[in-house]
Structure formats: structure tokens, C-alpha cells
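Coordinate analysis (summary)
So the chains spell out like this:
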Amino acid sequence: MAGEPIDKVYVGNINVSARRARDLLLGKLKLGEVVDWATTFSLWPVHLLTSCCGAEFAATWSPRFDAEQYGALPWISPRQTNFIIIEGTITRKMACALRITYEQMPLPKFVIAMGACALDGGLFYNSYNIVKPWEVVPIDVYIPGCPPPPEGLARAILQIRKSIREKKLASKWLIEGWRPDKKYVTPKDDVCKWWRP
Amino acid sequence: MSLESLAEEVKKVLGGFAKEVAWRKGYLEVLVETANVVEAAEKLKSIGLDHVKSVTAVDYPKESKIRVTYHASSYSREDLMGVIVGLSVDLPRDNPEMPSLISVWDGSVEFQEREVYEFFGVSFKGHPDLRPLLLIQELAEKKVLRKDFIVKEESIYEGVPFKYD
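Now for a quick tour of the structure. Small disclaimer: the values here were computed from a predicted structure and weren't measured. (Residues numbered from 1 in each chain as written. Chains lettered and ligands numbered in written order. Predicted model: local features only at pLDDT ≥ 70, side-chain atom pairs only at ≥ 80, totals over all residues.)

**Topic: the nonpolar core**
What counts, and what does not: Each nonpolar core reported here comprises buried Ala, Val, Leu, Ile, Met, Phe, Trp, Tyr and Cys residues connected via C-beta atoms within 7 Å. Think of it as a crowd count around each C-beta: if 20 or more other C-beta atoms lie within 10 Å the residue is buried, if 12 or fewer it is exposed, and in between it is partly exposed, with C-beta placed from the backbone throughout.
Grouped together as the largest cluster of nonpolar side chains are 39 residues, with contacts concentrated most on I84(A), I86(A), I90(A), L98(A), V111(A), I112(A) and M114(A). Formed by 33 residues, the second largest nonpolar core is a distinct cluster that contains A57(B), V68(B), V83(B) and V85(B).

Right under this line is the structure:
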């Protein structure tokens, strides 16, 4: 190699190399399963407490129920999380904040809607100032109840882990660029037009 | 301080401004004219009622008026700390306008007047930042806490519409 310019790199055909690398990683080494396995044990929810279900959220991570045993740790910044638990009512101004938080999170990301208000309005079904969360972000698991007990939230986390492993949600979204159940989720795109400062 | 002596003091300090001084379930309510409300508030502040606990409004559609009430109380005079004095103004319902009391009780009325503005459509002249606080702009234009804004109700029996008394 002596005497050659150091800025030259010999890679051959880059498309062939990329295809070979993809076949090796996805076919032989089964990288997708590794991604799914790793995602199930690192579902970190972001702190987005909007309503009274937040009390049950706190109880779920308390020592008695200890949801951290599933690898879920509530974290501050949306840039370092991949999981939103919508706790209850979303008002029209909060819908914009929810959508911004969702857009800030890195792929793959999952959403749980918790409580009767997040399902269909609940107590505030005829209020002028709430939105349904499924109009704002795509939702994976719903938990009924007003409020749901901590066992319900723990079971929803187990359910989302199961569907990630079975449907390969994380690996297809991350490696192949699509999500198996993406066609069922149709959030609105203009949520932040509702709130004009 | 008993309510009787407070009523005497308030009557004395307000002079001819008070149209009506009444006790309503443990607090003292004073009704004044819209033109005199700033002077009346300054006189109430001069006896030690130095802040406002809440600003609220009531809609009377049959009498075609909106009554805006300021609940004033005190942090500085010890005998006035347990007392609430309501300073009320009657406004016409089709164009409710009154001078803002932010020049008198500055910090404590700022966001509460914004709240009355967005829910009842009362515009406060002289308020520096009159825009909706909790609602979005489209809902604030509908004046949602007035009595003629009806929300959809779910009836007990299916197919039978819900009726208000």
C-alpha cells in the first residue's frame, strides 16, 4: 500500500456490497429477530401525564407492581424514548403537544391509549374541547377502565411486547422501512392548526 | 371582623358608588355601575382588599345581561383574611364591554380576565394581552359557557332525545 494516495478507498460495486450485507444480516444472522428482541426489553415511555390516569401510571412503576421488570423505564426526553402511554383526556391544545412529542421520538415507536377518555371520550364524551387520541397518533393497544388498575397497564405492556415479537413490528419498521399494520392507523395531519398562538 | 361591620365599612368607603350591598351565603356582594367600577375597585383596595381570588361571570339570558364578579380578599389585613367581597358589574349581553381592573389588582386579574373573555366573550378594555387562555381561537369565538351554547347530550333511552327542563 506504500506510495498510494490515502484518500482512495476500494469498495467495488456498492450496491452488490449492500445487498450481500443485507442478506448476511437478515438471512443468516437474523438481525430482525435481534432488533425485535431488543425492542421488547427496552420500551421506555416518555413522561406525558395529561390526566388522572397518571396516578395509576405512577403506581405501576412503584415497588409493588414494578413495571421496570419488563424493561420499561419512564424517561424525560422524547429523543431517548420509543413509547408513549396516553393517560386519559387529550384536550385540543394538548393534542398538538402530543403530536410533536410523537414526531420527536426515534423509530420504532409505540403508543398505548389508557383509560376511557382515551378510548372514546369517557366522562367528557360530549365536551367541545377534547379530541380522541386515535385522531392524533396511531395507537397499538387500548386499555379500558376509568382508571385502569396498574395490573391493566402492566398487561398492556406485556401485550405490546407480544405483538412486537409475533408481528415483527420493530424490525420491519426499522430495517425494511414498513410496518405490517400501518394501513390501519390514519392519524390526522393537521392537528397543530387547531392551536394558533 | 363580622360581616355587619365589614358591610358598614364597605358602604362608607364606597359612598354613592354601591347600588346594592347584600350578603349572599357568607360573603359580601357589592353591585356597582360599569362607569364607576375602576374607582370602586381602587377604594376597595385602599381598605386592604389587595388581591382577587377569582374573576367569574354568570349569564342571564332572560334578563339579557351578564354579571361579572371579582372576588376580592386580603393578604395584608388580618381581620379581612377570612372575608371575600364580591364586586359585581351588570353588562349588556349583546355587547359586553367593561374597563379592565388590571390597573388596580394587576397580577391577580390578568389571566382570569382572559378566561372570562374566552368563555363568555366579555371584552376588557385596557387589558394588555387579551387572547384565549385555555381554549383554541375557534372555540373562544363560540363563547362556550353561555347558556345558549348547547352541548350534545346522550339520552337514557335510545332514540329519545335528551330534554332540558
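**Focus: the sheet that holds strand β3 (residues 51–60) of chain B**
Residue and element names in this part refer to chain B. Our working definition: When DSSP finds at least two bridges between two strands, those strands are taken to pair. Per the convention used, a helix needs a DSSP run of H or I reaching at least four residues, while a strand needs a run of E reaching at least two, with both numbered from the N terminus. Axis definition: a line fitted to C-alpha atoms, limited for helices to the stretch in contact. Angles are taken between N-to-C directions and run from 0 to 180 degrees. We call two residues in contact when their backbone-placed C-beta atoms lie within 7 Å.
Strand order in this open sheet of 5 strands is β1-β2-β5-β4-β3, and the pairing throughout is mixed. The sheet is open, and its two borders are formed by β1 (18–24) and β3, each paired with just one other strand. Shown here is a sheet whose adjacent strand axes are inclined to one another by a mean of 25°, direction ignored. Bridging between β3 and strand β4 (residues 65–73) involves 9 bridges; their strand directions are antiparallel. Among the inter-strand pairings, V55 is bridged to a residue of β4, identified as Y70. Where helix α2 (residues 37–46) meets the sheet, its contacts fall on β2 (27–32), β4 and β5 (85–92), and the angle it forms with β5 comes to roughly 175°.

**Topic: helix α6 (residues 150–167) of chain A**
Residues and elements named next belong to chain A. Put simply, the rule reads: How far a helix is expected to stretch is found by multiplying one less than its residue total by 1.5 Å. Directions are taken from the helix axis to each C-beta atom, and the arc is the one they span.
If you check α6, its first and last C-alpha atoms are 26 Å apart, about what 18 residues at 1.5 Å a residue would give, namely 26 Å. Those residues of α6 not exposed but buried are P150, L153, A156, I157, I160 and I164. Here the buried residues of α6 occupy an arc of 120° about the axis, which is enough to place them on one side. Seen from the buried face of α6, the exposed residues on the opposite side, beyond 90 degrees, are E151, K162 and E166. Turning to α6, the residues buried within the fold contact α2 (31–40), α3 (53–60), β4 (110–114), β6 (141–143) and α7 (169–176).

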